[in-house]
Amino acid sequence: MTAMEQMEENLQIFSQNNPLTDDEKAMLDKVVQSMADLVPCTACRYCCEACPQELDIPKLISMYNELNYSKKIGVLDFTLRAMDEKEMPSACLGCGACQKLCPQNIAIPDVLAKFDKALQEAKTQ
Ligand code: SF4
Ligand code: SF4
């Protein structure tokens, strides 16, 4: 807020008593839950240096988040088709070398295992 008019406008907006409808609350709950499930990777790439499989870990985590958020494989299909087997989460050895370097303490091998499982399940549907 840099001007009196902006402050007055904000006060007017926040002083209105317009409670959310049940539908709006349900939608908000859904968004909050989807966001709570997201893996908080900042794409710093520290983990990548340690991976013997040279996996693009932040890319895989971003894809996993996308899948978790949309609940549909459709959005990732194009990207997945362009990837080689050795780039997929199934190539993770579960060695944990990456996890030690992650400032966000992300359980990377677990995330990649969950992502792989979700992809395998999606293939059978
Ligand atoms: S746990 Fe998987 S992703 Fe992490 S360093 Fe080992 S092979 Fe790479
Ligand atoms: S070190 Fe952690 S936060 Fe950084 S890119 Fe890897 S998983 Fe993401």
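Residues numbered from 1 in each chain as written. Chains lettered and ligands numbered in written order. Predicted model: local features only at pLDDT ≥ 70, side-chain atom pairs only at ≥ 80, totals over all residues. Heavy atoms only, no water.

Asks: Mind showing me how you'd approach the site of ligand 1 here?
Replies: Surveying the vicinity of ligand 1 reveals 13 residues, the closest of which are Cys 51, Cys 92, Cys 95, Gly 96 and Cys 98. In this structure the site holding ligand 1 corresponds to the largest cavity. Residues belonging to the shell around ligand 1 are distributed by class as follows: ten nonpolar, three polar and no charged. (Near = heavy atom within 4 Å. 1 Å grid on protein atoms, 1.4 Å probe; cavity = no way out; pocket = protein on both sides within 12 Å on 5 of 7 lines; lining within 4 Å. Sits in = over half its atoms within 2 Å of the grid points. Nonpolar A, V, L, I, M, F, W, Y, C, P; charged D, E, K, R; others polar.)

Asks: Whenever I open this one, helix 3 (residues 57-70) confuses me. Can you help?
Replies: Helical periodicity: at 3.6 residues per turn, an α-helix aligns residues three or four positions apart in one direction. If you check helix 3, its first and last C-alpha atoms are 20 Å apart, about what 14 residues at 1.5 Å a residue would give, namely 20 Å. Taken together, the buried positions of helix 3 are occupied by Ile 57, Pro 58, Leu 60, Ile 61, Met 63, Tyr 64, Asn 65, Leu 67 and Asn 68. On its buried face, helix 3 is in contact with helix 4 (77-81) and helix 5 (108-123). (Helix = DSSP H or I, 4+ residues; strand = E, 2+ residues; numbered from the N terminus. Expected span 1.5 Å × (residues − 1). Buried < 20%, exposed > 50% of the residue type's maximum accessible area, 1.4 Å probe, protein only. Contact = heavy atoms within 4.5 Å.)

Asks: Where do I start with the confidence of the model for the protein chain in this structure?
Replies: A low pLDDT means the predicted coordinates there should not be read in detail. Averaged over every residue, the pLDDT of the protein chain is 88; residues scoring 70 or more account for 92%. Element-level pLDDT for the protein chain is lowest in helix 2 (residues 22-36), with a mean of 70, against a maximum mean of 94 in helix 3. (pLDDT = per-residue confidence, 0-100.)

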